[in-house]
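These are the residues of each chain, in order.
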Amino acid sequence: MDLHRNRHEDPGEDTDEDLDKVPKDYGQSSGTKKLRFRPKDRWARYCRAKAIEPLAEQKWEDAEEALRQATPNDMHRFLNWCLKLQYNPDGRRYKGTKQASAFKGDWKYFRGYYQRVTKHEMSDDMAAAVRTGLRHLIDKHGLNTQPRANTPVYIEDMVPFNETILQTTEKRFHLGFQRISLCLYNTIGLFTVNRKQAMLHLQFKHLQLSLQRDPRGGPPVPMVELEPNFVKSVLGMAKLNTFALPEIVYGVSLVFSPHVLLFSILFFIQALEAPDLKSMEDLRRLFIEDDRQEMPLPLKREMDNYYVFPTVAVVDGQSRILWETQMSGSTLDGHLRTLSEIHGFLNHFFSHQFRYGGGSLLDQSGFVSEAQRNVIMAHANSRTFINHYRVRRHTGLQEIMCGLNPDEEFSRAVTRMSRWIDRRRPRYLNDSDRALVEKDPELQAAVRRQVDLENQCDHPDQPNLREMLQDQERKVRNLRRSLQEKRRKEVRRDFSRKQAVIDIQRQWTGRAVDNESAREVLRQEFTMPQQQILAVEAFLTWPVSDSLDDEWARRNKAVAAAVQYCGFAEGGPLRGRRKRSAPSEDEGQLASAPPLKRKFGGRSPVPVWQGTMVDSKGQAKESKPVVCFQCCKGYSDHNGVKRHFRASHLKDRKCNSCDDTEFHHQMHIQAHAHLVHQLRT
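Residues numbered from 1 in each chain as written. Predicted model: local features only at pLDDT ≥ 70, side-chain atom pairs only at ≥ 80, totals over all residues. Heavy atoms only, no water.

A. Structural detail: the overall build of the protein chain. A count of helices and strands for the protein chain gives 25 helices and 8 strands. The buried share of the protein chain, reckoned over its 681 residues, is 38%. At a minimum sequence separation of 6, the contacts of the protein chain that also span at least 24 residues come to 65%. Approximately 41600 Å² of the protein chain is accessible, and the part contributed by carbon and sulfur atoms is 50%. (Helix = DSSP H or I, 4+ residues; strand = E, 2+ residues; numbered from the N terminus. Buried < 20%, exposed > 50% of the residue type's maximum accessible area, 1.4 Å probe, protein only. Contact = heavy atoms within 4.5 Å. Areas by Shrake-Rupley, 256 points an atom, 1.4 Å probe, with all protein chains shown as cover.)

Okay, here's the thing in structure tokens:
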């Protein structure tokens, strides 16, 4: 009896759970946590700034106590201080707040912080007073009150964009796999109307591959089912959506076929559990037995945690795919931003545009109900779609008012992103634009400050000046870079207007000859490698007959070419500026290179130094090496040598150019490279 009672004994009250140990932001996304932390950090910085003022009140010594005693005027002055911030706590330049919506979002999170500290909501009178000041600050600082344009993208935009990704030579990757991966990201993103983080969190365990029986007869249909494991739990959408994508044999293009792109990656890594499935030809030979509807195509269990969109990095000098590390959102955005400019888009393409175009099609299709649209897009109700996703560029109103049928094809053409494509739009600043940036008063003042510190560094009684100089050099570099980027955006924005006048005048004078082939030759700055040519040729083909076997062969050939290209090492991103025809007079003069003092083991000597730059005072500045002292590999500039050395030689324990000097730690070879070879890493 005692044994029977003990088996059913209730657990003791002393458990290992306590609500106080659960963080208040548990389960929220990292982005939300970051936004919630920002007002807390800024309020603490503001309190420190107030505490050091003369005759400061005692409350500013403690940030939370100051918040409890804060008046509406204190909050108003704090919000005004936030809009004037220039640097983050880590010393990096703050990009600033330009949108009124972002400013109001910061106020929303600050109210949440106020409620967490004071344990009660802000009074209506205080909130109303601060909101009045909020409107004044928006006008005072000239914040943009209009929302960001929700320009949609459709399949007509993305097919040419994927073609550009595959064949451009103006951007280079570490591995050909990265081009296939970006094309797959665009394809799945458009077909599933998913958020960026949902896509980046996609792992092999979220893929279900199968062959499905065609109810109308015919061969089995390969199908890919996706379960993006990311939902907006704060909206109560806790159930996963599953997106089924059967193969469409006669699709719009192979570069936008999720099956061609995904199976290329799976066959490249040999992810299918059946050992004899190594190509699409092997897959096409399978059939579904008896009366079953499907035949699963399981993936290897050990690859469940592999990411569909992983990180590609250089490890020990070799390009590696880190399958268990997902690609970061910033890396993805950087790739899409650069490729958007190469493709000719006026504004950069970003992932949320999938949802603008896809949501618009779902809303207008007539096949999807409002409830199903909200489930697909993970919206709690239709208000979110109305406020953010319904396209605000309206066409067809004239036809409706005249009693005519709207031209939907024309309306779609003039509202999508490709309307503003122009491949002639410049991507880089010319010499005159760079010279204009150098005349900026803020930059000139920073350069003068740097020159003053350089002149003072010769005094031995002030050792801290060297650190101040390095900090000022960093500020000058960052300021110059930000001003150049600002000028580059202005040039790109004004290009269409100025170029339109030129084109109009050219056509009126009879010189409207469009020699596109000649211009394309001029665009090709680098030769496309043979492996890339084979992949592009396999993808950019069209059906030659109505035969299913011929179409299967065309698709199988594309997969085989992509599998081969995934492992091709392209050489990494292109570094440095584009080649220019001749140096400008404002860039300084290069003195002759010093004679070579080291031996290269019988190899032909190559210049080791980048040259001696002459500054504005006519003084020679320190020259920097452009050849690696370990392996004699040359680069176009000093930064290329630094990147190469960090990636390839930090584990070396001997110096090949200094009589095989030995080192015992990474810091020793770094110090030797800096002191002896002027290579600071």
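Read on, since the account is not over.
B. Spatial organisation of helix α22 (residues 530–539). Here α22 has its buried residues at Gln532, Ala535, Val536, Ala538 and Phe539. End-on view of α22: buried residues confined to an arc of 160°, all on one side of the axis. On the buried face of α22, the contacting elements are α7 (155–167), α8 (177–192), α10 (258–269) and α23 (548–566). (Arc of directions from axis to C-beta.)

C. Spotlight on the UniProt feature "transmembrane region" (unreviewed entry) in the protein chain. According to UniProt, the positions carrying the feature "transmembrane region" (unreviewed entry) are residues 248–269. Helix makes up 55% of residues 248–269 and strand 0%, and the two end C-alpha atoms of the span are 24 Å apart. (UniProt positions renumbered as here; feature names shortened; annotations may be inferred.)

D. How the structure looks around the sheet that holds strand β2 (residues 221–226). One open sheet holds the 4 strands; their spatial order is β3-β2-β1-β4, and the pairing between them is antiparallel. Pairing within the sheet leaves two strands with one partner each, and these edge strands are β3 (243–246) and β4 (294–296). Strand-to-strand twist of the sheet, defined as the mean angle between neighbouring strand axes without regard to direction, takes the value 30°. Pairing between β2 and β3: 4 bridges, direction antiparallel. Along β3, the bridge assignment pairs Met223 with Pro246. Together, β1 (207–212), β2 and β3 form the strand contacts of α10, whose direction differs from that of β2 by roughly 80°. (Pairing = 2+ DSSP bridges. Axes fitted to C-alpha atoms, helices over the stretch in contact; angles between N-to-C directions.)

E. Structural detail: the packing of aromatic side chains. Summed over the entire model, instances satisfying the criterion amount to 25 aromatic pairs. Three or more aromatic residues link up through ring pairs in this structure, and these residues are Trp43, Tyr46, Trp60, Phe78, Trp81, Trp107, Phe110 and Tyr113. Its guanidinium or amino end placed over the ring of Tyr109, Lys108 lies 4.7 Å from that ring's centre, counting from NZ or CZ. Over the face of the ring belonging to Phe173 we find Lys171, whose NZ or CZ atom lies 5.1 Å from the ring centre. (Phe/Tyr/Trp six-rings, centres within 6.5 Å; stacked < 30°, edge-to-face > 60°. Lys NZ or Arg CZ within 6 Å of the ring centre and 35° of its normal.)

F. Here's a closer look at the packing of α10 against α23. Close contact between α10 and α23 brings their axes to 8 Å; oriented N to C, the two are set at 50°. As far as their axial angle goes, α23 and α10 are oblique. Seen from above, α10 lies across α23 with right-handed handedness. Every residue of α23 that contacts α10 at Val260, Phe263, Ser264, Phe267 and Phe268 is listed here: Arg555, Ala558, Val559, Ala562, Val563 and Cys566. Here the contact of α10 with α23 is composed, by residue class, of 9 nonpolar, 1 polar and 1 charged. (Parallel < 35°, antiparallel > 145°, perpendicular 65-115°, else oblique. Left-handed = near helix turned anticlockwise from the far one by under 90°. Nonpolar A, V, L, I, M, F, W, Y, C, P; charged D, E, K, R; others polar.)

G. Structural context of the side chain of His677. Position of His677 among the secondary structure elements: in helix α25 (residues 666–677). Residue His677 is classed as buried on the basis of its relative accessible area, which comes to 14%. A polar contact is formed between the side chain of His677 and the side chain of His672, at a distance of 3.3 Å. Ignoring anything within four residues of it in the chain, the contact list for His677 reads Pro625, Phe629, Cys655, Ser657, Cys658 and His672. (Polar contact = N/O pair within 3.5 Å; in protein donor to acceptor, adjacent residues only side chain to side chain.)

H. Broad picture of the pairing of strand β6 (residues 318–326). Of the pairings in the sheet, the one linking strand β5 (residues 310–315) to β6 comprises 6 bridges and is antiparallel in character. Opposite Thr311, over in β6, you have Leu322 as the bridge partner. Linkage of β5 to β6, two consecutive antiparallel strands, is achieved through a turn of 2 residues, within which Asp316 is found at a positive phi near 55°.

I. Structural detail: the nonpolar core. Within the largest apolar cluster, 68 residues are counted, with the highest numbers of intra-cluster contacts made by Phe204, Leu266, Phe309, Phe349 and Phe539. Every residue in contact with Phe349, bar those within four places of it in the chain, is listed here: Val153, Met158, Phe161, Asn186, Leu336, Ser340, Phe354 and Met417. Of all hydrophobic cores here, the second largest spans 30 residues; its members include Ala70, Phe78, Tyr94 and Leu137. (Core = buried A, V, L, I, M, F, W, Y, C linked by side-chain atoms within 4.5 Å.)

J. Fine view of empty space enclosed by the protein. For the structure on display, the rule yields 4 cavities of 30 Å³ or more. Lining the largest cavity, in full, are Arg38, Pro39, Arg42, Phe78, Leu79, Cys82, Leu83, Thr97, Phe103, Asp106 and Phe110. Within the residue set of the lining of the largest cavity, elements represented by two or more residues are α2 (30–51), α4 (72–83) and α5 (100–118). Ranked by residue count, the leading element in the lining of the largest cavity is α4, at 4 residues. (1 Å grid on protein atoms, 1.4 Å probe; cavity = no way out; pocket = protein on both sides within 12 Å on 5 of 7 lines; lining within 4 Å. Points joined across faces, edges and corners; volume = space filled by probe spheres on them.)

K. Spotlight on unusual backbone geometry. Unusually for a residue other than glycine, Lys119 sits at a positive phi of about 70°. One can find Lys119 in the loop between α5 and α6 (124–140). Residues other than glycine seldom take positive phi values, yet Gln270 does so here, at roughly 55°.

L. Main features of the pattern of salt bridges. The full count for this structure, using the stated rule, is 30 salt bridges. Of the charged contacts in the structure, one is a salt bridge between Asp290 and Arg292, with a shortest N-O distance of 3.5 Å. One connected set of salt bridges, linked through shared partners, spans Glu170, Glu341, Arg427, Glu485 and Arg488. (Salt bridge = Lys/Arg side-chain N within 4 Å of Asp/Glu carboxyl O.)

M. Focus on a positive patch on the surface. On the surface, a cluster of positive charge is contributed by Lys24, Arg36, Lys40, Lys108, Arg116 and Lys119. Breaking the positive patch down by element, the ones donating at least two residues are α2 and α5. For Arg36, a relative accessible area of 30% translates into the label partly exposed. (Patch = residues over 30% accessible without salt bridge, like charges linked within 9 Å, V, L, I, M, F, W, Y side chains within 5 Å. Lys, Arg positive; Asp, Glu negative; His and termini not counted. Charge placed at Lys NZ, Arg CZ, Asp CG, Glu CD.)

N. Fine view of the state of the cysteines. Tallying each qualifying case throughout the model produces 0 disulfides. Of all cysteine sulfurs in the structure, the one in Cys628 sits closest to Cys631, which takes part in no disulfide; the separation is 3.8 Å. (Disulfide = S-S within 2.5 Å.)

O. Quick peek at the packing of helix α19 (residues 441–456) against helix α20 (residues 465–508). Running from N to C, α19 and α20 point in directions that differ by 160°, and their axes come no closer than 9 Å. With respect to α20, the axis of α19 lies roughly antiparallel. For the element pair α19 and α20, the recorded crossing hand is left-handed. Residue-level inspection shows Glu442, Leu443, Ala446, Val447, Arg449, Gln450, Leu453, Glu454 and Gln456 of α19 in contact with α20, the latter providing Leu465, Met468, Leu469, Gln472, Glu473, Val476, Leu479, Arg480 and Leu483. The residue makeup of the contact of α19 with α20, split by class, is 10 nonpolar, 3 polar and 5 charged.

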